[in-house]
Amino acid sequence: PEKQWEKGILTLYACRKRVDVIPEVTRQMFADVMSEFTVVDENHFTITLQDTTIMYFSITAHSDENYAQAKGMANYFSQAPLANQQVKEAALTQMQLFNCIIGIQFLVDDNEERTKRLINSIYKIAQELTAFILHPTMALYRPDGKLVISIDGRSDLEEFYPQANSSLLDKDIEESPVDIE
């Protein structure tokens, strides 16, 4: 019988300035299972895995579309019946800060070991990028696997504070003689 493949989709959401590092970070995290890395354009790249399936990556950053999607996401999750209001409010604030979205499409089959390895690599990317992972079940996770918030009101956290990548603090200014001394 022929293998039955299904589409897997995970989306990473980050709050960061530098997005040019995303393809290289991704390449490093999949180095042990990929056979080819292809940059399609500045916002798209693919990874051909050793089993010949292809993972598709799409980046949007610092655009009106991002901000609209982040606001929509926060509005959607505001309906979640989460009892812990501190976690809920912080999660909604976090969502409104997202300025970088990385869509990831890949194929999954009944090989749970393979699926787990791919998802673990995606979580490692999230760790490197200070990103959060949205599952199709409308559940948002931290890179450590802890559930921040789900639409049905679940969370693994007792408290949560919004996070951003330190690249947001980078300034594009020249050093003055005082800085150098």
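Residues numbered from 1 in each chain as written. Predicted model: local features only at pLDDT ≥ 70, side-chain atom pairs only at ≥ 80, totals over all residues. Heavy atoms only, no water.

*Asks:* Explain the overall build of the chain to me, please; I cannot follow it from the model alone.
*Replies:* Helix and strand counts for the chain stand at five helices and eight strands. With the C-alpha coordinates aligned to their principal axes, the bounding extent of the chain is approximately 65 × 50 × 30 Å. The burial tally for the chain puts 42% of its 181 residues in the buried class. When the accessible surface of the chain is totalled, it reaches about 10500 Å², and 50% of it is carbon and sulfur. Separation of charge centres in the chain, based on 16 positive and 28 negative side chains, amounts to 4 Å. (Helix = DSSP H or I, 4+ residues; strand = E, 2+ residues; numbered from the N terminus. Buried < 20%, exposed > 50% of the residue type's maximum accessible area, 1.4 Å probe, protein only. Areas by Shrake-Rupley, 256 points an atom, 1.4 Å probe, with all protein chains shown as cover. Lys, Arg positive; Asp, Glu negative; His and termini not counted. Charge placed at Lys NZ, Arg CZ, Asp CG, Glu CD.)

*Asks:* In this structure, what is going on with helix H1 (residues 22–29)? I would like to understand it.
*Replies:* It helps to recall that an α-helix has 3.6 residues per turn; residues three or four apart then point in one direction. Listed as buried for H1 are Ile22, Pro23, Val25, Thr26 and Met29. Down the axis of H1, the smallest arc covering the buried residues is 165°, so these residues share one side. Residues of H1 that are buried sit in contact with strand S2 (34–41), strand S3 (44–49), strand S4 (54–61), strand S5 (100–108) and helix H4 (112–129). (Arc of directions from axis to C-beta. Contact = heavy atoms within 4.5 Å.)

*Asks:* So what exactly am I meant to see when it comes to the environment of Val148 here?
*Replies:* By the secondary structure assignment, Val148 is in strand S8 (residues 147–150). The sequence separation of Val148 and Val87 amounts to 61 residues, and the corresponding C-alpha distance is 7.7 Å. Beyond its immediate stretch of four places on either side in the chain, Val148 contacts Val87, Ala91, Phe132, Leu140, Tyr141, Arg142, Arg154, Ser155, Leu157 and Phe160.

*Asks:* Just checking my understanding: could you explain the pattern of salt bridges for this structure?
*Replies:* Oppositely charged side chains can form a pair if their charged atoms are brought close together. Applying the stated rule across the entire model yields five salt bridges. Of the charged contacts in the structure, one is a salt bridge between Glu24 and Arg27, with a shortest N-O distance of 2.6 Å. Of this pair, Glu24 and Arg27 are both found in helix H1, three residues apart, which corresponds to roughly one turn of the helix. Among the ionic pairs, Arg142 bridges to Asp144, the shortest N-O distance being 2.5 Å. (Salt bridge = Lys/Arg side-chain N within 4 Å of Asp/Glu carboxyl O.)

*Asks:* Honestly, the side chain of Thr11 in this entry has me stumped. Any pointers?
*Replies:* Mapping Thr11 onto the fold places it in strand S1 (residues 6–14). Apart from residues no more than four positions distant in its own chain, Thr11 is found in contact with Ile101, Ile102, Gly103, Phe132, Ile133 and Leu134.

*Asks:* Whenever I open this one, the packing of H1 against H4 confuses me. Can you help?
*Replies:* Each pair of packed helices can be summarised by the angle the axes make with each other and by the distance between the axes. Interaxial distance between H1 and H4 falls to 9 Å at its minimum, and their mutual angle equals 140°. Taken together, the axes of H1 and H4 are oblique relative to one another. Between H1 and H4 lies a crossing of right-handed hand. From H1, Ile22, Val25, Thr26 and Met29 reach across to H4, where they touch Ser121, Lys124, Ile125, Glu128 and Leu129. Residue composition of the contact of H1 with H4, grouped by class: five nonpolar, two polar and two charged. (Axes fitted to C-alpha atoms, helices over the stretch in contact; angles between N-to-C directions. Parallel < 35°, antiparallel > 145°, perpendicular 65-115°, else oblique. Left-handed = near helix turned anticlockwise from the far one by under 90°. Nonpolar A, V, L, I, M, F, W, Y, C, P; charged D, E, K, R; others polar.)

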